[in-house]
Amino acid sequence: MKISIYRFNPDTDKKPYNKVYDVKRTESDTMLLDLLIKIKATDDSLSMRMSCREGVCGSDAMNINGKNGLACVTKIDELKKPIVIRPVPGLPVIRDLVVDMKQFFKHYDSIDPYLKSKKKPPIKERLQSQEDRKKLDGLYECILCGACTTACPSFWWKPDKFVGPAGLLQAYRFLVDSRDDAREERLDNLDDPDRLYRCHNIMNCADVCPKGLSPSKAIAGIKKMQIATKKPKFKTIKKIFHVQESKK
Amino acid sequence: MVKHFEFDSIVVGGGGAGLRTSMQLAAAGERVAVISKVFPTRSHTVAAQGGIAAALANVSDDKWLWHMYDTIKGSDYLGDQDAIEHMCKNAAAAIYELEHMGMPFDRNTDGRIYQRPFGGMTKNFGESSISRTCAVADRTGHAMLHTLYQKNIELKTKFFIEWIGLDLIRDEDGDVLGLIALELQTGDLGIFHAKNTIFATGGAGRIFQASTNAFINTGDGLGMAARANISLEDMEFWQFHPTGILGAGVLVTEGVRGEGGYLINSNRERFMERYAPSAKDLASRDVVSRAITQEVIDGRGVGPNKDGVYLTLSHLGEELINEKLPGIREISIKFANVDPVKDPVPVVPTVHYMMGGIPTTLNGQVRDGVSQKEVNGFYAVGECACVSVHGANRLGSNSLLDLIVFGKAAGQHILDSSKNKKLKKLPKDVTKKTIDRLKKIDSKSSLENPREVGEELRATMQKHCGVFRFPQLLDEGLVKVNELKRRIRNLSIQDNSKVFNTARTEALELQNLIEVALATIASAKNREESRGAHSRADFPKRDDKSWLQHSLYNPKDGSLAYRPVKMKPLSVKSFPLKERVY
Ligand SMILES: Cc1cc2nc3c(=O)[nH]c(=O)nc-3n(C[C@H](O)[C@H](O)[C@H](O)COP(=O)(O)OP(=O)(O)OC[C@H]3O[C@@H](n4cnc5c(N)ncnc54)[C@H](O)[C@@H]3O)c2cc1C
Ligand code: SF4
Ligand code: FES
């Protein structure tokens, strides 16, 4: 089976190139990661991240046949051959399939991804209704793999400014948590043409998320909250948003 | 290039244990850094599914004393009763604290934290099964790890991410002064000079072939400790989880059986009724794993090679499965090609958890050698440590608890005890040994290929040190593993470049795995009894007269020493020895 893999080692290569490997697939190879491990056994210079091999740690996001995904939960059978593997787009490549995720995590940090509660908590747990808890489903499960953000043209365009789908999904996770008291502050933090409103509903994010989450729905939720709780600072943006809403 | 850093404390490991420790230190304004070979939320704590135990009594009456009894019985009386008391007594507060930080626990209708039954967790000293395990669907570890990481972001903890620790710095007095680490992105070495070094490097399940553990679980902390001549405790005790997916190794949580799933053999018989008439499928893990292995040996296995059994849960209904076990449904479809809503999942006992580790006090201070004297400046917490709360067999959902209770204790002990501590001077040539080791791996002077040797090691451990242990296999296994150790000293890689060289990382990890494997098989060979997860064919009974003792493996010469189990709790009456039936 033929697999073409993007290769670049800054120590030795002037330019990136694609290397085609021919691997023998056996019965026990179900996931793409199995094949990559096999390739690495014959060519130890191939670099990638991997850990859990079950889709929960978020290490091995890569671009597989043009679409971002996790190698460990991508079935070989479901891929068009020859398989073409590249690093996820939009972030600097450190080496081969390993990209520099600093920018991605900076955006995550920037949304204050932790609960802000002004009240002193009780001695036991805070109560939360099952209904309120349900609001966190589809949000808290994010594994920070970066597949969504690096598939987003708005992020490619302004990687240093646009928070991106993963960061915004987490922002929404705290905005809708009944235990959080910082809604105003959180919305203010995002009320910015670049940080939030760069999202143009292209929906690549929801399309690639290996956990089946929909950052794009969360972003729409944030925009709605911006309008409901106060007047957005950016009137024009508000207009754009309305246009998009009505197009749907 | 060698970079130089100075901190009050460095935490090696960004899993649950490391992040709980760093949180304690950062909140007090300590100069603390977390060093992790992967981004913190990629640590293996993220994979924990079923939950975290604490007697909150949210579902029915519960007491920490009952939890304590269950843990002692689960440990087959090898757990130290003082440590177990400390853990169970502080469990509820630790869970509330996680909730206050924002952990998205599932809820009961009254808004309190949801709890589910788990193996070995009982009411009123063994009367019947109890709901004690707090859960976030079947993603409890993920929710806990992310919450702890988020808290550390809030506290502005300093992180060194994708740095791999290679060796401890220990001076002539035996004091620990920090760590030598390698930055993956640049290939540079770093000296982390610190008053306190805390190991939270997690498990080492990758010494076996079939493992629920991630690739990164290579026992680096134990390897580093062993190279610094620190003894390792109770290494013969490895938990085989009854339900890893046949072939893939991926875990299916015990929470499935907690929610009402059960095991069947090829005759569709609920065989656990024969092995554990009262607790049945929720007996302790060692008991269930042995039962499955016995069924397979007796020819009642399922699957193409008849080497597994079925876990059936379709009777729970799609709605409950989707709500409480969504991750399991996802995993089963992906890795077993089975939708559990319709069909049973083929499973097999799979290595899962290391009960042993670096010996520590209740405060996380590392104890060394036969004297068990505390090592100045050195702490260990989490799966890499052995305090020992899990003894010969860990109860499911007690490990996540262990991480946060003892992570906090270690952090607090450092705050309380090292106020006026000064940074000692580093020994001369502190990086020499490490650099020599790296050079050797790069030298291409020998032909030992890490992949091949690694595979051989895993196969050897699987065959010689599995669920049931046989004297001859142990003897042969020890010889083989010793031979593999000689070969592992001569590993060599083809790729010598500096930037993100994962071939180098794997070779370095293998040099840690071998220390763990050797300690495991040597300790297993020496312990002539069956207790908890250690099951000897030639000594099928527990022998309290001779073996109510913790093993201390000395990595210098491979010898074993023993220390008595602490039967005296901190404040309550001792739980006396009893035969263990479920
Ligand atoms: C699949 C699975 C499911 C589980 N489910 C449960 C459950 O439901 N309930 C429960 O209580 N327990 C469960 N356990 C057990 C529990 O999850 C683990 O014991 C626990 O998470 C270990 O946490 P830790 O913080 O000690 O280590 P880890 O989370 O493994 O973290 C280790 C850290 O050390 C770092 N590290 C390692 N070596 C180095 C090095 N050389 N240099 C720098 N950094 C290093 C890693 O990068 C990582 O950050 C489960 C285990 C598995 C495998
Ligand atoms: S939202 Fe999905 S794709 Fe994006 S980082 Fe989270 S898990 Fe990955
Ligand atoms: S290896 Fe963890 S998500 Fe793929």
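How each quantity is defined
- Residues numbered from 1 in each chain as written.
- Chains lettered and ligands numbered in written order.
- Predicted model: local features only at pLDDT ≥ 70, side-chain atom pairs only at ≥ 80, totals over all residues.
- Heavy atoms only, no water.
- Helix = DSSP H or I, 4+ residues; strand = E, 2+ residues; numbered from the N terminus.
- Rg over C-alpha atoms; globule rule 2.2 N^0.38 Å.
- Buried < 20%, exposed > 50% of the residue type's maximum accessible area, 1.4 Å probe, protein only.
- Contact = heavy atoms within 4.5 Å.
- Near = heavy atom within 4 Å.
- Polar contact = N/O pair within 3.5 Å; in protein donor to acceptor, adjacent residues only side chain to side chain.
- Axes fitted to C-alpha atoms, helices over the stretch in contact; angles between N-to-C directions.
- Parallel < 35°, antiparallel > 145°, perpendicular 65-115°, else oblique.
- Left-handed = near helix turned anticlockwise from the far one by under 90°.
- Nonpolar A, V, L, I, M, F, W, Y, C, P; charged D, E, K, R; others polar.
- Pairing = 2+ DSSP bridges.
- Salt bridge = Lys/Arg side-chain N within 4 Å of Asp/Glu carboxyl O.
- Expected span 1.5 Å × (residues − 1).
- Domains from an automatic or database assignment.
- Buried area = accessible area lost by both parts, 1.4 Å probe.

### Some details on the overall build of chain B
Point 1. Each helix and strand in chain B was counted, giving 17 helices and 20 strands.
Point 2. Since a compact globule built from 582 residues should have a radius of gyration of about 25 Å, the 22 Å found for chain B is in line with a globular shape.
Point 3. Each principal axis of the C-alpha atoms in chain B carries an extent, and together these give about 65 × 50 × 50 Å.
Point 4. Counting every position in chain B, which comprises 582 residues, the buried fraction comes to 68%.
Point 5. Pairs at least 24 residues apart make up 74% of the contacts formed inside chain B by residues separated by at least 6 positions.

### Here we look at unusual backbone geometry
Point 1. Here the bond from A:Lys81 into A:Pro82 is cis, since omega is -10°, no more than 30 degrees from zero.
Point 2. Relative to the assigned elements, A:Pro82 resides in the loop between strand E4 (67-70) and strand E5 (83-86).
Point 3. B:Ser388 follows B:Val387 through a cis peptide bond whose omega is 0°.
Point 4. Secondary-structure assignment places B:Ser388 in the loop between strand E18 (385-386) and helix H12 (399-417).
Point 5. For A:Asn65, which is not glycine, the phi torsion reads 50° and is therefore positive.

### Brief notes about the site of ligand 1
Residue and element names in this part refer to chain B.
Point 1. Close contacts around ligand 1 come from 39 residues, with Ser43, Thr45, Gly165, Glu383 and Leu400 the closest.
Point 2. Contact between ligand 1 and Gly14: an oxygen atom at 2.8 Å from a main-chain N or O atom of the residue.
Point 3. Taking Ser36, its side chain carries an N or O atom lying 2.8 Å from an oxygen atom of ligand 1.
Point 4. Of all the secondary structure elements, the ones that give two or more residues to the shell around ligand 1 are helix H1 (16-27), strand E2 (32-36), strand E7 (163-170), helix H6 (220-227), strand E14 (345-354) and H12.

### Comments concerning the packing of helix H15 (residues 471-488) of chain B against helix H16 (residues 502-526) of chain B
Residue and element names in this part refer to chain B.
Point 1. Running from amino to carboxyl end, H15 crosses H16 at an angle of 160°, the nearest separation of the two axes being 9 Å. By the angle class used here, H15 and H16 are roughly antiparallel. The interaxial crossing formed by H15 with H16 has left-handed handedness. Counted together, Leu474, Asp475, Gly477, Leu478, Val481, Asn482, Leu484, Lys485 and Ile488 of H15 and Leu510, Gln511, Ile514, Glu515, Ala517, Leu518, Ile521, Ala522, Ala524 and Lys525 of H16 form the full contact between these two elements.
Point 2. When its residues are assigned to classes, the contact of H15 with H16 shows twelve nonpolar, three polar and four charged.

### Thoughts on the site of ligand 2
Point 1. With respect to spatial proximity, 13 residues lie near ligand 2, and among them A:Cys142, A:Cys145, A:Gly146, A:Cys148 and A:Cys209 are the closest.
Point 2. Classifying every residue of the shell around ligand 2 gives eleven nonpolar, one polar and one charged.

### Quick notes on the pairing of strand E17 (residues 373-380) of chain B
Residue and element names in this part refer to chain B.
Point 1. As defined by bridge partners, strand E9 (residues 189-199) adjoins E17 across three bridges and the pair is classed as parallel. Bridging from a neighbouring strand, Phe199 pairs with Ala380 of E17.
Point 2. In this sheet, E17 lies alongside strand E16 (residues 365-368) in antiparallel orientation, the contact comprising three bridges. Counterpart to Asp368 in the pairing with E17 is Lys373.

### Some details on the pattern of salt bridges
For side chains of opposite charge, pairing can occur when their charged atoms come near one another.
All names here are of chain B.
Point 1. Summed over the entire model, instances satisfying the criterion amount to 85 salt bridges over all chains.
Point 2. Across the pair Lys3 and Asp188 runs a salt bridge whose closest N-O atoms are separated by 3.4 Å. Of the two residues, Lys3 sits in strand E1 (residues 2-12) while Asp188 sits in the loop between strand E8 (176-183) and E9, which places them 185 residues apart along the sequence.
Point 3. Residue classification places Asp188 among the buried residues on the basis of a relative accessible area of 9%.
Point 4. Where salt bridges share partners, they join Asp76, Glu236, Asp286, Arg290, Arg527, Glu529, Arg531, Arg542, Asp544 and Arg580 into one cluster.

### Digging into H12(B)
Point 1. Across its 19 residues, H12(B) extends 26 Å between first and last C-alpha, which sits within 8% of the 27 Å expected from 1.5 Å per residue.
Point 2. When you tally the buried positions in H12(B), you get 15 out of 19 residues, the bulk of the element.

### Describing the environment of A:Trp156
Residue and element names in this part refer to chain A.
Point 1. Mapped onto the elements of the fold, Trp156 is located in helix H4 (residues 153-157).
Point 2. Judged by relative accessible area, which is 43%, Trp156 ranks as partly exposed.
Point 3. Sequence separation between Trp156 and Leu127 is 29 residues; the distance between their C-alpha atoms is 41 Å.
Point 4. Residues within four places of Trp156 in sequence aside, it is in contact with Pro89, Gly90, Thr150 and Ala151.

### Notes on the domain arrangement of chain B
Residues and elements named next belong to chain B.
Point 1. Structurally, chain B comprises domain 1 (243-350) and domain 2 (432-564).
Point 2. Between the C-alpha centres of domain 1 and domain 2 there is a distance of 30 Å.
Point 3. When domain 1 packs against domain 2, the two sides together hide about 440 Å² of surface, and 70% of this comes from carbon and sulfur.
Point 4. In this assembly, domain 1 and domain 2 are joined by zero salt bridges.
Point 5. Where domain 1 packs against domain 2, one counts one residue pair in polar contact (both at pLDDT 80 or more).
Point 6. No other element matches helix H9 (residues 285-297), which puts six residues into the side of domain 1 that touches domain 2.

### Here's the deal with the sheet that holds strand E20 (residues 560-564) of chain B
Point 1. Spatial strand order, E10-E19-E20 (chain B): three strands in an open sheet with antiparallel pairing. Of all the strands in the sheet, the pair left with one neighbour each is strand E10 (232-233) and E20 of chain B.

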